[in-house]
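# A structural walkthrough
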There are 2 protein chains.
Amino acid sequence: MARTVGVLGGMGPRATADFFQKLIDLTPARRDQDHLRVIIDNNPGIPDRSRHILEGGEDPTPALVATARNLERAGADFLVIPCNTAHHFLDAVRRGVRIPVLDITEVVAQRAADLERVGLLATRATVVAGLYQRALARKGCEVLTPSEARQELVNRAIFAVKAGDLGDRVRSWVREAGQELLERGAQALVLGCTEIPLVVDPADWQVPVLDSTALLAEAAVREALGPVATEPGVIAAFGE
Amino acid sequence: MARTVGVLGGMGPRATADFFQKLIDLTPARRDQDHLRVIIDNNPGIPDRSRHILEGGEDPTPALVATARNLERAGADFLVIPCNTAHHFLDAVRRGVRIPVLDITEVVAQRAADLERVGLLATRATVVAGLYQRALARKGCEVLTPSEARQELVNRAIFAVKAGDLGDRVRSWVREAGQELLERGAQALVLGCTEIPLVVDPADWQVPVLDSTALLAEAAVREALGPVATEPGVIAAFGE
């Protein structure tokens, strides 16, 4: 029996929908009944993560924890959060529930383990909070972040996607920021914000593109279908 | 405060994802916080609706009701079911929860009220159960259903989509069935199965195409954002 995926979503809704679609596409299935049970709480009312990190706006932690608990109560066996910036609050979410919560930065870092230097396209808050710098340092991989002017373009693009604008102008902002990172020696680009894949064509670049949404979906499918537990007590219970 | 949408999903998952995307696209929003809270229980393990209706396979009613109750407990203020065939069991679902459950066939029928004759592309089970024939008869609109050979093509297409095949061959089956209905005098085509819009380009036809997924999403946005209640006590509470 596969485990039920809980999706702490709504940050933003388009990124959550993209995650859900990628999860479906990555699930081996020939009929409805082969697919995973996925419970999504798309809760866009969670206060702005970036604003809290950068300007001390309302703390999203209580809403994040409440939404995580709602998913646990509804039957999720583990949680994913298809929003990179929200991972600044991951420890609090993990303390708030009894089920595992995957770490999107760790999932991406595992894929970047063989690289020396990657470029990061993410919210300014994710960059300032150092989420990817820490996760990738553990793999011996350096993170290049955009210059101030290019980071501003990336941020503008992310908030444009949240407003429903996926147009060419928005795409060009992301392309320009990525190009700068490649010129400075990035061997790959990390799409470290789940809005970014919605305005990026990986074919635009000659280097590997690590899409955090797709990698989290892949990890969720593995977690849902994989061996039920490594904890001895739980395995024993299954053997009964 | 907008109402929370509950989505009884997984029938199939791709149709649920399409519904979610259309709901997002139809919501007036400039930032995450303007979007609707949407709780989705994508439960693809619900037994096959068509098989039960046509061959007496396992009854999906208990799983449908349990999933509806799970959404109600998780905070949904009303429910939608982005699966037409599942509406054969709508009365049981409605009896199982205290919150309203929208009726996809009623939503489509409202849009077809001015028409005399529409063609129906749906599962054989939806056709046999007469779901649209009843809903549209109440509006004085006649339903044309495909010949046996074309119905077989439509069914094959629906189960191909569930298996992840959205290719040209599958699209041509649906086109052929739709063409037959137009030749027999249909003034519009009802996409009365939520898998069908995934393999239909409305531009293929010269007549209006009533996409049940999109119309249900539109109705859900109205229900979520509309006047909170017609019940006098509740209105009074808002006036305080």
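Residues numbered from 1 in each chain as written. Chains lettered and ligands numbered in written order. Predicted model: local features only at pLDDT ≥ 70, side-chain atom pairs only at ≥ 80, totals over all residues. Heavy atoms only, no water.

### Some words on the domain arrangement of chain A
Residue and element names in this part refer to chain A. Splitting chain A by domain gives domain 1 (5–103 + 214–230) and domain 2 (105–211). Measuring from the centre of the C-alpha atoms in domain 1 to the corresponding centre in domain 2 gives 21 Å. With 23 residues of domain 1 in contact, the opposing surface of domain 2 contributes 26 residues. With both sides pooled, the region where domain 1 packs onto domain 2 buries about 1900 Å², and carbon together with sulfur makes up 56% of that total. By the criterion of area lost to domain 2, the three top residues of domain 1 are Asn84, Asp103 and Leu215, representing 34% of everything that side buries. If you look at where domain 1 meets domain 2, you find 2 salt bridges. For the salt bridge of arginine 111 with glutamate 218, the shortest nitrogen-to-oxygen distance reads 2.5 Å. Our enumeration of links across domain 1 and domain 2 arrives at 13 residue pairs in polar contact (both at pLDDT 80 or more). Contributions of two or more residues to the side of domain 1 that touches domain 2 are made by α1 (13–26), α2 (49–55) and α10 (212–225). For the side of domain 1 that touches domain 2, the leading source of residues is α10, giving 5 residues. Residues belonging to the side of domain 1 that touches domain 2 are distributed by class as follows: 10 nonpolar, 6 polar and 7 charged. (Domains from an automatic or database assignment. Contact = heavy atoms within 4.5 Å. Buried area = accessible area lost by both parts, 1.4 Å probe. Salt bridge = Lys/Arg side-chain N within 4 Å of Asp/Glu carboxyl O. Polar contact = N/O pair within 3.5 Å; in protein donor to acceptor, adjacent residues only side chain to side chain. Helix = DSSP H or I, 4+ residues; strand = E, 2+ residues; numbered from the N terminus. Nonpolar A, V, L, I, M, F, W, Y, C, P; charged D, E, K, R; others polar.)

### Details of the sheet that holds strand β2 (residues 38–42) of chain A
In space, the 6 strands of this open sheet follow the order β3(A)-β1(A)-β2(A)-β2(B)-β1(B)-β3(B), with mixed pairing throughout. Strands with a single pairing partner mark the edges of an open sheet, and in this sheet they are β3 (78–80) of chain A together with β3 (78–80) of chain B. Pairs of neighbouring strands in the sheet enclose a mean axial angle of 20 degrees, with direction left out of account. Bridge count for strand β1 (residues 5–9) of chain B against β3(B) is 3 bridges, and the pairing is parallel. Looking across to β3(B), one finds that B:Val7 is bridged to B:Val80. Its contacts with the sheet place helix α10 (residues 212–225) of chain B against β1 and β3 of chain B, and it is angled at close to 175 degrees to β3(B). (Pairing = 2+ DSSP bridges. Axes fitted to C-alpha atoms, helices over the stretch in contact; angles between N-to-C directions.)

### A closer look at the packing of aromatic side chains
Going through the model one piece at a time under the given rule, you end up with 0 aromatic pairs over all chains. Directly above the aromatic system of A:Trp173 lies the positively charged group of A:Arg156, at a separation of 5.0 Å from the ring centroid. (Phe/Tyr/Trp six-rings, centres within 6.5 Å; stacked < 30°, edge-to-face > 60°. Lys NZ or Arg CZ within 6 Å of the ring centre and 35° of its normal.)

### A closer look at the relation of the copies chain A and chain B
Between the two copies, chain A and chain B, the superposition gives an RMSD of 0.0 Å; the rotation angle is 180 degrees and the shift along the axis is 0.0 Å. Such a combination of rotation and displacement between the chain copies is what one expects of a two-fold axis. Residue A:Ile40 of chain A places its C-alpha closer to the rotation axis than any other residue of that unit, at 2.5 Å. Mapped onto chain B, 100% of the interface residues of chain A again fall at the interface, so both copies present the same surface. (Least-squares fit on C-alpha atoms with pLDDT ≥ 70 in both.)

### Here's the deal with the packing of helix α8 (residues 148–162) of chain B against helix α9 (residues 168–183) of chain B
Residue and element names in this part refer to chain B. Their axes nearest at 9 Å, the elements α8 and α9 cross at an angle of 145 degrees. At the point where α8 passes α9, the crossing takes the left-handed sense. Contacts between α8 and α9 involve Arg150, Leu153, Val154, Arg156, Ala157, Ala160 and Val161 from the first element and Val170, Trp173, Val174, Glu176, Ala177 and Glu180 from the second. Split by residue class, the contact of α8 with α9 holds 9 nonpolar, no polar and 4 charged. (Left-handed = near helix turned anticlockwise from the far one by under 90°.)

### A short note on the pairing of strand β6 (residues 188–191) of chain B
Residues and elements named next belong to chain B. Burial along β6 is two-sided: Ala188 and Val190 and Leu189 and Leu191, pointing in opposite directions, are all buried. Bridge count for strand β4 (residues 117–121) against β6 is 4 bridges, and the pairing is parallel. Paired with leucine 121 across the two strands is leucine 191, which belongs to β6. With 3 bridges joining them, β6 and strand β7 (residues 209–211) adopt parallel strand pairing. When the bridges of β7 are listed, leucine 191 appears paired with aspartate 211. (Buried < 20%, exposed > 50% of the residue type's maximum accessible area, 1.4 Å probe, protein only.)

### Side note on empty space enclosed by the protein
Residue and element names in this part refer to chain A. One pass over the full model with this rule turns up 3 cavities of 30 Å³ or more. Its boundaries defined by the atoms lining it, the largest cavity holds a volume of some 90 Å³. Lining the largest cavity are 13 residues, with Arg49, Ser50, Thr85, Thr123 and Lys162 sitting closest to its centre. Of all the secondary-structure elements, those providing two or more residues to the lining of the largest cavity are α2 and α8 (148–162). A per-class count over the lining of the largest cavity returns 4 nonpolar, 5 polar and 4 charged. Counting contributing residues, the lining of the largest cavity receives three or more from each of domain 1 (5–103 + 214–230) and domain 2 (105–211). (1 Å grid on protein atoms, 1.4 Å probe; cavity = no way out; pocket = protein on both sides within 12 Å on 5 of 7 lines; lining within 4 Å. Points joined across faces, edges and corners; volume = space filled by probe spheres on them.)

### Details of the nonpolar core
If you look at the biggest cluster of nonpolar residues, it comprises 75 residues, and the most contacted ones within it are A:Val5, A:Val80, B:Val5, B:Val80 and B:Val118. Not counting residues within four places of it along the chain, the set of residues in contact with A:Val5 comprises A:Leu36, A:Arg37, A:Val38, A:Ile39, A:Ala76, A:Phe78, A:Val80, A:Ala220 and A:Ala224. In terms of nonpolar packing, the next biggest core, distinct from the first, is built from 24 residues, B:Trp173, B:Ala186, B:Cys193 and B:Val200 among them. (Core = buried A, V, L, I, M, F, W, Y, C linked by side-chain atoms within 4.5 Å.)

### Let's talk about the interface of chain A and chain B
Each side of the interface is counted separately: chain A has 36 residues, and chain B has 36 residues. For the pair chain A and chain B, the two sides together bury roughly 2900 Å², of which 45% comes from carbon and sulfur. Applying the counting criterion to the chain A and chain B interface returns 8 salt bridges. Between A:Asp41 and B:Arg37 there is a salt bridge whose closest N-O contact spans 2.6 Å. Taken together, chain A and chain B are joined by 17 residue pairs in polar contact (both at pLDDT 80 or more). Residue assignment for the side of chain A that touches chain B shows that the elements contributing at least two residues are α1, β2 and α3 (61–74) of chain A.

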